[in-house]
Amino acid sequence: MTRSQLRMQTQIPQDELERAFESIAACPACRAALSLESSDRLTCRGCGRIYPRNEGIWRFLLPDDAARHRSFLDAYHQIRQGDGWEHQDNSYYLMLPNVPDDDPHADIWRLRRRTFGILMKHLMIDRQAWALDLGAGNCWLSHHLALAGYRVLALDINVEGQDSLSGGRVYLEKAENGFLRGQASMEHLPVHDGCMTLCVVSAACHYVNVSAVLKSVFDVLRPGGKLIIMDSPVYRDNASGMQMMQKQLARFKSQYGLDEVPVEGTGYLVFDEIVAALNRAGFRTTIHWPERPGALFLRRLLRPTSMHREQARFPLFVGTKPLS
Ligand SMILES: C[S@@+](CC[C@H](N)C(=O)[O-])C[C@H]1O[C@@H](n2cnc3c(N)ncnc32)[C@H](O)[C@@H]1O
């Protein structure tokens, strides 16, 4: 079967996606079902809260979460814009994870193309399968998951500018397969328990309270469903992660005048800790390393002895919710 025939077969009309969403939508505050009152308004059947959809994005962010994340988002916008992550050119986003050779983040995207390749091998698709892209940013990965045949809900707290859920518009205008967008915090998911086949946290797990997020993700996955954590910097040794963060914070201070970036996570993951947290949450976990064989040995060999601090690695953690 050709690629375009496969896409035709997995294509999900946008109105079907919208209708299907009502059956999985839950109040992020009280967990009761939501009713679609009009095409842009969901109402909670339990507590009566109203969730509108503005500019194509469902607004599920609870007031306490909005207040909690405000100063993180202010700092995050400043850093992302200053570091050249935001682009005005639609074609840049449509190519991701491919970027031009002279892109300031070309090295990062080279690695991300490899982790993306591993992710694609773990997809279990049937036409009814729902996926959450958590901390979706500009929705580049949501777009690929939708093209692969999932019904996708992209969630993020950030809705300002091209580098946020708002930027997801670029894909929705172009793509054969659409997806839905919602402003929400990963700790308070706007979907029912047991309805997700896949949850992906890509380049975002190091920003969050890991145990709270693992619990909410475990609850919304169906038995046999998978959580994939990818593209977060991982260290064997906590001290190496702290050292990296100190360097980052010194740069943010000198470059942007920021005294702190009030992030809820540590800014990195520690290998043993994340594996233990996944197991505690109830997942069966496997690890997948994106480096080519021998690459790590070569990297150590070529690095001057003065730089022999541990380098971050970027494994994928695949957590499966047991069948019973
Ligand atoms: C580096 S970006 C990654 C974006 C995208 N997933 C990717 O692969 O390029 C991290 C994203 O995580 C989001 N984020 C941070 N904390 C979050 C939380 N508690 N709930 C939801 N999103 C969060 C940020 O707003 C940001 O868009």
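The model shown is predicted, which means the values in this text are computed figures rather than measured ones.

Asker: Just checking my understanding: could you explain the packing of helix α5 (residues 106-121) against helix α6 (residues 140-147) for this structure?
Answerer: Axes are the key here: two packed helices are described by the angle between their axes and the distance separating the axes. Between α5 and α6, the shortest axis-to-axis distance is 13 Å and the interhelical angle comes to 30 degrees. In terms of their interaxial angle, α5 and α6 are classed as roughly parallel. The two elements α5 and α6 cross, and the hand of that crossing is right-handed. Contact residues: W109, R112, F116 and L119 in α5; W140, L141 and H144 in α6. The residue makeup of the contact of α5 with α6, split by class, is 5 nonpolar, 1 polar and 1 charged.

Asker: Sorry, what's going on with helix α8 (residues 210-220) here?
Answerer: For α8, the full list of buried residues reads V210, V213, L214, S216, V217, F218 and V220. Residues of α8 that are buried sit in contact with β5 (130-134), β8 (196-202), β9 (221-230), β11 (269-270) and α10 (271-281).

Asker: Would you explain the sheet that holds strand β12 (residues 284-288) in this entry?
Answerer: Each strand in a sheet pairs with its neighbour through backbone hydrogen bonds, running either in the same direction (parallel) or in the opposite one (antiparallel). Here 11 strands make up an open sheet; going across it, the order is β1-β2-β3-β4-β7-β6-β5-β8-β9-β13-β12 and the pairing mixed. Strands at the two margins of the open sheet, each flanked by one partner only, are β1 (34-38) and β12. Pairwise comparison of adjacent strand axes, ignoring direction, gives a mean angle of 20 degrees for this sheet. Sheet topology note: the β12/strand β13 (residues 316-320) ladder contains 5 bridges and is antiparallel. Its bridge partner lying in β13, T286 is registered against V318. The strands touched by helix α2 (residues 14-24) are β1, β2 (41-44), β3 (50-54), β4 (57-59), β5, β6 (151-156), β7 (180-183) and β8; relative to β6, the strand with the most contacts, the crossing angle is about 65 degrees.

Procedures and definitions
- Residues numbered from 1 in each chain as written.
- Predicted model: local features only at pLDDT ≥ 70, side-chain atom pairs only at ≥ 80, totals over all residues.
- Heavy atoms only, no water.
- Axes fitted to C-alpha atoms, helices over the stretch in contact; angles between N-to-C directions.
- Helix = DSSP H or I, 4+ residues; strand = E, 2+ residues; numbered from the N terminus.
- Parallel < 35°, antiparallel > 145°, perpendicular 65-115°, else oblique.
- Left-handed = near helix turned anticlockwise from the far one by under 90°.
- Contact = heavy atoms within 4.5 Å.
- Nonpolar A, V, L, I, M, F, W, Y, C, P; charged D, E, K, R; others polar.
- Buried < 20%, exposed > 50% of the residue type's maximum accessible area, 1.4 Å probe, protein only.
- Pairing = 2+ DSSP bridges.

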